[in-house]
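# Understanding the architecture of this molecule
Below are the chains, spelled out letter by letter.
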Amino acid sequence: MGSHPLQSRFAQAALPLEVATVPFARAIGAEALVQLDIVRDRRGERFRLWPGGARCRIEVEGTDRRLQQLVLLVDEPKQSFEVEIGRWVVPDRPIVRREGHRRWVRHETEGAKRHFLMGLDEAHLFIAQLPRGVSTVARARELLRGPDVSRAERDAPFRTVRQGEWFLVALDPSRSLALDALAEARPTLVRHRVGIAEAARWARAGRQHVADDVLVLGAGFHLGLPKHLVPPAVAAGPGVFVRGKLRHPDHATIELKQWRRALPNAESFSRPAGVAWVD
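Now for a look at the structure at hand. Note that the structure is predicted; figures quoted are calculated from it, not measured. (Residues numbered from 1 in each chain as written. Predicted model: local features only at pLDDT ≥ 70, side-chain atom pairs only at ≥ 80, totals over all residues. Heavy atoms only, no water.)

### Some words on helix H1 (residues 5–12)
Every buried residue of H1 is accounted for by Leu6, Gln7 and Phe10. Take H1 and look down its axis: the buried residues cluster within an arc of 105°, on one side only. Packed against the buried residues of H1 are strand S1 (17–19), strand S3 (44–50), strand S4 (57–64), strand S5 (69–75) and strand S9 (113–121). Directly after H1, the chain includes alanine 14, whose backbone phi takes a positive value near 60°. (Buried < 20%, exposed > 50% of the residue type's maximum accessible area, 1.4 Å probe, protein only. Helix = DSSP H or I, 4+ residues; strand = E, 2+ residues; numbered from the N terminus. Arc of directions from axis to C-beta. Contact = heavy atoms within 4.5 Å.)

### Some remarks on the sheet that holds strand S8 (residues 102–108)
The strand order across the open sheet formed by three strands is S6-S8-S7, and the pairing between neighbours is antiparallel. Edge strands, defined here as strands with exactly one partner in the open sheet, are strand S6 (80–85) and strand S7 (95–99). With strand direction ignored, the average angle separating the axes of adjacent strands in the sheet is 30°. Where S6 lies against S8, six bridges are found, and the strand directions are antiparallel. Paired with glutamate 82 across the strands is arginine 106, a residue of S8. (Pairing = 2+ DSSP bridges. Axes fitted to C-alpha atoms, helices over the stretch in contact; angles between N-to-C directions.)

### Digging into the sheet that holds strand S16 (residues 251–264)
On the basis of which strands lie adjacent, the open sheet formed by six strands has the order S11-S12-S16-S15-S14-S13 and antiparallel pairing. Both edges of this open sheet fall to strand S11 (161–163) and strand S13 (190–195), since each of them pairs with a single strand only. Neighbouring strand axes in the sheet, compared pairwise and without regard to direction, differ in orientation by 30° on average. Two elements, strand S14 (residues 210–217) and strand S15 (residues 239–248), share seven bridges in a ladder whose sense is antiparallel. Bridge pairing in S15 places valine 216 opposite valine 240. Running at roughly 95° to S16, helix H3 (residues 173–185) makes contact with S13, S14, S15 and S16 of the sheet.

### What about the environment of alanine 54?
By the element assignment, alanine 54 lies in the loop between S3 and S4. We classify alanine 54 as exposed; its relative accessible area is 86%. Between the C-alpha atom of alanine 54 and that of alanine 32, which follows or precedes it by 22 residues, the distance is 7.9 Å.

### So, the nonpolar core
Within the largest apolar cluster, 21 residues are counted, with the highest numbers of intra-cluster contacts made by Phe10, Phe47, Leu70, Leu72 and Met118. Breaking this core down by element, the ones donating at least two residues are H1, S1, strand S2 (35–41), S3, S4, S5, S9 and strand S10 (124–129). When residues of this core are assigned to their parent elements, the largest contribution, three residues, is made by S5. With residues near it in sequence (within four places) discarded, phenylalanine 10 still touches Leu15, Pro16, Leu17, Phe47, Val60, Leu70, Leu72 and Met118. If you look at the next biggest cluster of nonpolar residues, it comprises 16 residues, including Val194, Val214, Val240 and Ala262. (Core = buried A, V, L, I, M, F, W, Y, C linked by side-chain atoms within 4.5 Å.)

Set out below in structure tokens:
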């Protein structure tokens, strides 16, 4: 495999990096694309990178050895590539190549700079695309936390619990009691042993964080409730709320004895070519 300058930069954050000798994305034109993912095998976990064409620029902008995290800049020009689609897949764009039953469609990279926070979270490696560019791990972590979490925490009576990309914000006791009353009066509103993102219909990459109880309330959720339940239900406010055990294969299981509001981090999910998120 040889030595690559990026490997020494990753080592400064105590992170393993494998620089691939051949592209690992399955696409025509893949050799020009920056490709990044996480490998898990008998040798353990490590980041894997294919640096793409000569016009691509990849730099480590900041490291934190204590946290074992870093910020990676990927500056890639706009370029096209062709991806094969399944035989029974209805394409969302014109087919540009055919060989018998095989078909390909064309995609393009964004042609923009992208920043990623990468490193260790609990026991496993992760990659998170940042919503905008920063150069330090501390700023990246703050950016991922997002303003919604900060606003929700202003009235929180206890500290926030985090599992992966989810922040579980404590509720005022009156709000928690309102949700208990609502769940008892309308048990069909509560979904059991389901992924938070799945229940909320939010697009999140990676494997689901599965909660015992998930309650999703929209702005008009109180309509049709008995009159005596409307005030406390309104006090609970719209949002996504979870209770009970929260499980994910890469994180320690946590137990929430009372309802908490679930808020995702501010990670970007534009799915740039060549990058696979592993949560």
